[in-house]
2 protein chains.
Amino acid sequence: MTITIKDVAKKANVSIATVSRIVNNKPGYSKETEQKVLQVIQELGYHPNGLARGLISKRTHTIGVLVPEISSMLMSEFISGIEHVTHDYGSSVIVCHTESQGQKTRQYLQVLKEKQIDGIVFTSEVLKKDYYQIIKDMDIPMVLLSTESFDFPVPYVKVSDRRAAYSATEYLIKKGHRKIGMISGRRGDIIAGQPRIDGFMAAMKAYELSVKDEWIVTEGFNFEDGVNGFHKLIDQFPEMTAVFAASDEVALGILSAAYKMNIHVPDQLSVIGYDNLRIAEMSTPPLTTVAQPLVEMGKKSAELVFEMMESNRSVESRIFPHEIVERQSVKELS
Amino acid sequence: MTITIKDVAKKANVSIATVSRIVNNKPGYSKETEQKVLQVIQELGYHPNGLARGLISKRTHTIGVLVPEISSMLMSEFISGIEHVTHDYGSSVIVCHTESQGQKTRQYLQVLKEKQIDGIVFTSEVLKKDYYQIIKDMDIPMVLLSTESFDFPVPYVKVSDRRAAYSATEYLIKKGHRKIGMISGRRGDIIAGQPRIDGFMAAMKAYELSVKDEWIVTEGFNFEDGVNGFHKLIDQFPEMTAVFAASDEVALGILSAAYKMNIHVPDQLSVIGYDNLRIAEMSTPPLTTVAQPLVEMGKKSAELVFEMMESNRSVESRIFPHEIVERQSVKELS
DNA sequence: ATCTTTAACGTAAACGTTTACGTTAAATGC
DNA sequence: GCATTTAACGTAAACGTTTACGTTAAAGAT
């Protein structure tokens, strides 16, 4: 009982071709028939069937977004940006929660393929070879967000993790800190783990500060990692006056653990985070952190997808600037 | 250059009907031809076109989720639950960020209609008449999540806001508090505003405590509302020993404002939140709050959509139990 | 007055499937 | 040994569009 283009054609006494032309406003009809058809469309409440359209036009006006952690605040902001420009382009987004599982990722990739989506943004994970192969076979634009590929020629949008970590560390140093600990992602993580450690080390070295192995604890990026990491770190490096946390969640974990141990932030310990999530300003004390323009990055990633779709060729990667946002978790040492 | 069912039919020396039957494993072919066809499919890397399928089967294996605030942590958890079961059902979800704007909502609804989605979960907003009308015309299952409709017969999954607020208030009272303030959503908000105020009032009344108008401040549900609201509240109700915040974000705002004013939580002021978001355990001090089983609710909402799809009839609404989770932002008054 | 262009359509094929129906040959029943 | 059932397919219509191409009549050019 759904109303098709035939129904309006019949009622308006024209052919379906004419109706189609009018709906897509391509040339080929008079003002009067346009009026008539538009009116019939209104009366009947006709809406074109996107499936039939997509079958011919090879455009579904849908893009896929692959995220490892759907409920992380980082992802929320990315998705928010992506959704915004996607909607502006008249498309919609299917979110695919991969849980960092290869199987679920591949499964979703197949689903996206069958759904004939127009493009993909692949977020915060390393692009494995088989993922790349599947997407390449789909022959649609893809861009990486907050990750990059060293093996495949895929445009990405990121912040420079190394430089951002360098900045954070340098900020601490300039505030007079010398004994600086770090809680980071694992070294095996070549996207968000090792580079931030490298940046930290580089800054220390640049200011002629040596760092011992026990000054760095490698855990994950979430709250629990922060509290666990802090316990480990304070144990093996009690002289520490400041910590660089590789994510805001980790920083909150540190804040929380410190609070329970009666260590006052920032008076006894300075903490700097990474990301500038919304919670960074909600914490007590408000968290000083190095900001990534998350929403902007999400937006840009989607824009690049559409740009590639329209131009039919690849596009330059973007390194977004980071920025220290000063709040109240870091104290200047005199 | 995409590979269609025809290609595999030709290469396997069978008709497309047979290939179709095999792909959808419906009866009507021998073991040998199945082997053969499956092998050809493998060789060619054939994947059925979902659009063509959907055009006939009237199933797109896609559902739409409408959320007012995509980056809010509440929504993240809902979406997380929805995505999970949707994926289990072999479908995917399109997220639609309405920004609480009627126009964008309507726009998205049209898009979803054209995309021929199989179902809708509508989240945390009041279901206006025209929304309802559009969705009803689409003739697909819809369920409301964290909202309900008093005007239209749409199944919903919620917590009882009134009871939950009652519980929170009662908890405070049982801890010895008598002078209890509240920062709530606006009274005009008949879903999450007024009911929680009602619950608060009811609990106070049940314990024979009077509450004055100045004890309740009505703002919104986010962090800034919490800090602003607290300033207002502490100003007009300085004797207050405890606050009930209508959301965890608001509670964090209170914590933050109190910290800056050197009011110690929980020693000088007790705070209880609402929602039990992940940040509730990340705050300092960790937040005592009334928990909604957010992910479970998200899951259930999706399950109901699929149940309605399969059974082709409506379904009972669900009121989920809430629960006080005790952490460290409330002090027992002696 | 004739030819050419152009506007305003209509016809029908195509997009890639599913599925009702028809066909054939083998298997079964007696 | 013949009629009847059944397994194993193939044919073609349908799903709801877009679009290349053809057609008609009016307008413009010469």
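Keep in mind it's a predicted model, so treat the numbers as computed, not measured.

Calculation notes
- Residues numbered from 1 in each chain as written.
- Chains lettered and ligands numbered in written order.
- Predicted model: local features only at pLDDT ≥ 70, side-chain atom pairs only at ≥ 80, totals over all residues.
- Helix = DSSP H or I, 4+ residues; strand = E, 2+ residues; numbered from the N terminus.
- Buried ≥ 20, exposed ≤ 12 C-beta atoms within 10 Å, placed from the backbone.
- Contact = placed C-beta atoms within 7 Å.
- Near = placed C-beta within 6 Å.
- Nonpolar A, V, L, I, M, F, W, Y, C, P; charged D, E, K, R; others polar.
- Pairing = 2+ DSSP bridges.
- Core = buried A, V, L, I, M, F, W, Y, C linked by C-beta atoms within 7 Å.
- Least-squares fit on C-alpha atoms with pLDDT ≥ 70 in both.
- Axes fitted to C-alpha atoms, helices over the stretch in contact; angles between N-to-C directions.
- Arc of directions from axis to C-beta.
- Domains from an automatic or database assignment.

**Some words on the overall build of chain A**
In terms of regular secondary structure, chain A is built from twelve helices and twelve strands. When the 334 residues of chain A are sorted by exposure, 50% land in the buried category. Look at the contacts in chain A between residues 6 or more apart in sequence, and 70% of them connect residues 24 or more apart.

**Brief notes about the protein's contact with DNA strand C**
As a matter of local geometry, DNA strand C sits amid 27 residues, with Ser15, Ala17 and Ser30 of chain A together with Ile5 and Ser20 of chain B nearest to it. Each residue belonging to the surface near DNA strand C can be placed in one class, and the counts come to 14 nonpolar, eleven polar and two charged.

**With respect to the interface of chain B and chain A**
Interface size, as often reported, equals the accessible area lost upon joining of the parts. Contacts between chain B and chain A engage 38 residues on the former and 38 residues on the latter. Those elements that provide at least two residues to the side of chain B that touches chain A are helix 4 (50-57), helix 5 (73-88), strand 2 (92-97), helix 6 (102-114) and helix 11 (248-260) of chain B. The residue makeup of the side of chain B that touches chain A, split by class, is 18 nonpolar, 14 polar and six charged. Bridge analysis of strand 2 (residues 92-97) of chain A against strand 2 of chain B gives three bridges, and the strand direction is antiparallel. Residue Val93 of chain A lies in a different strand from strand 2 of chain B, and its bridge partner there is Val95 of chain B.

**Observations concerning the nonpolar core**
Core analysis: the biggest nonpolar cluster contains 173 residues, and Ala245, Ile254 and Val271 of chain A together with Ala245, Ile254 and Val271 of chain B have the highest contact counts within it. Contact partners of Val271 of chain A, with chain neighbours within four places excluded, come to Val243, Ala245, Ala251, Ile254, Leu255, Val265, Leu287, Ser329 and Val330 of chain A.

**Comments concerning the environment of Arg106 of chain B**
Residues and elements named next belong to chain B. Examined against the element boundaries, Arg106 turns out to sit in helix 6. By the C-beta count within 10 Å, which is 15 here, Arg106 ends up partly exposed. For the pair formed by Arg106 and Phe200, sequence separation is 94 residues and the distance between their alpha carbons is 35 Å.

**Here's the deal with the relation of the copies chain B and chain A**
With an RMSD of 0.1 Å, the operation that places chain B on chain A is a rotation of 180 degrees combined with a shift of 0.0 Å along the axis. The transformation just described matches what one would write down for a two-fold rotation axis. Using C-alpha coordinates, one finds that chain B approaches the rotation axis most closely at Ile94 of chain B, a distance of 2.2 Å. An overlap of 100% is found between the interface residues of chain B and their copies at the interface of chain A, pointing to a shared contact surface.

**Considerations on the sheet that holds strand 8 (residues 242-245) of chain B**
Residue and element names in this part refer to chain B. Sheet architecture is open: six strands sit in the order 7-6-8-9-10-12, paired in mixed fashion. Edge positions in the open sheet fall to strand 7 (216-218) and strand 12 (323-325), since each of these has one partner strand only. With direction set aside, neighbouring strand axes in the sheet form an average angle of 20 degrees. Here strand 10 (residues 288-291) runs beside strand 12; their pairing, made up of three bridges, is antiparallel. Counterpart to Thr289 in the pairing with strand 12 is Val325. Each of strand 6 (180-184), strand 8, strand 9 (270-275), strand 10 and strand 12 is contacted by helix 8 (residues 161-174), which is oriented at about 160 degrees to strand 9, the strand it contacts most.

**Description of the sheet that holds strand 3 (residues 119-123) of chain A**
Across the sheet, twelve strands lie side by side as 11(A)-5(A)-4(A)-3(A)-1(A)-2(A)-2(B)-1(B)-3(B)-4(B)-5(B)-11(B); this open sheet has mixed pairing. The strands lining the two open edges of the sheet, one partner per strand, are strand 11 (318-320) of chain A together with strand 11 (318-320) of chain B. Averaged over all neighbouring strand pairs, the angle between strand axes comes to 20 degrees, with direction disregarded. Here four bridges tie strand 3 (residues 119-123) of chain B to strand 4 (residues 142-145) of chain B, and the two strands are oriented parallel to one another. Bridge pairing in strand 4 of chain B links Phe122 of chain B to Leu144 of chain B. Strands strand 1 (62-67), strand 3, strand 4 (142-145), strand 5 (156-159) and strand 11 of chain A of the sheet are contacted by helix 12 (residues 294-311) of chain A, whose axis makes an angle of about 165 degrees with strand 4 of chain A.

**Describing helix 2 (residues 16-23) of chain A**
Turning to helix 2 of chain A, its buried residues number three or more, namely Thr18, Val19 and Ile22 of chain A. Buried residues in helix 2 of chain A, looked at end-on, bunch into an arc of 100 degrees, giving them a common side.

**With respect to the environment of Phe221 of chain A**
Residues and elements named next belong to chain A. Within the fold, Phe221 resides in the loop between strand 7 (216-218) and helix 10 (223-236). Note: C-alpha distance between Phe221 and Ala251 (30 residues apart in sequence) is 9.3 Å. Leaving out residues up to four positions away in the same chain, Phe221 has contacts with Gly185, Ala246, Ser247, Glu249 and Val250.

**Focus: the domain arrangement of chain A**
You can read the domains of chain A as domain 1 (5-48), domain 2 (58-159 + 294-320) and domain 3 (161-292). Between the C-alpha centres of domain 1 of chain A and domain 2 of chain A there is a distance of 37 Å.

**Quick notes on the protein's contact with DNA strand D**
Near DNA strand D you find 27 residues, and of these Ile5 and Ser20 of chain A together with Ser15, Ala17 and Ser30 of chain B are the closest. Of all the secondary-structure elements, those providing two or more residues to the surface near DNA strand D are helix 2 and helix 4 (50-57) of chain A together with helix 2 (16-23) and helix 4 of chain B. A class-by-class count of the residues in the surface near DNA strand D yields 14 nonpolar, eleven polar and two charged.

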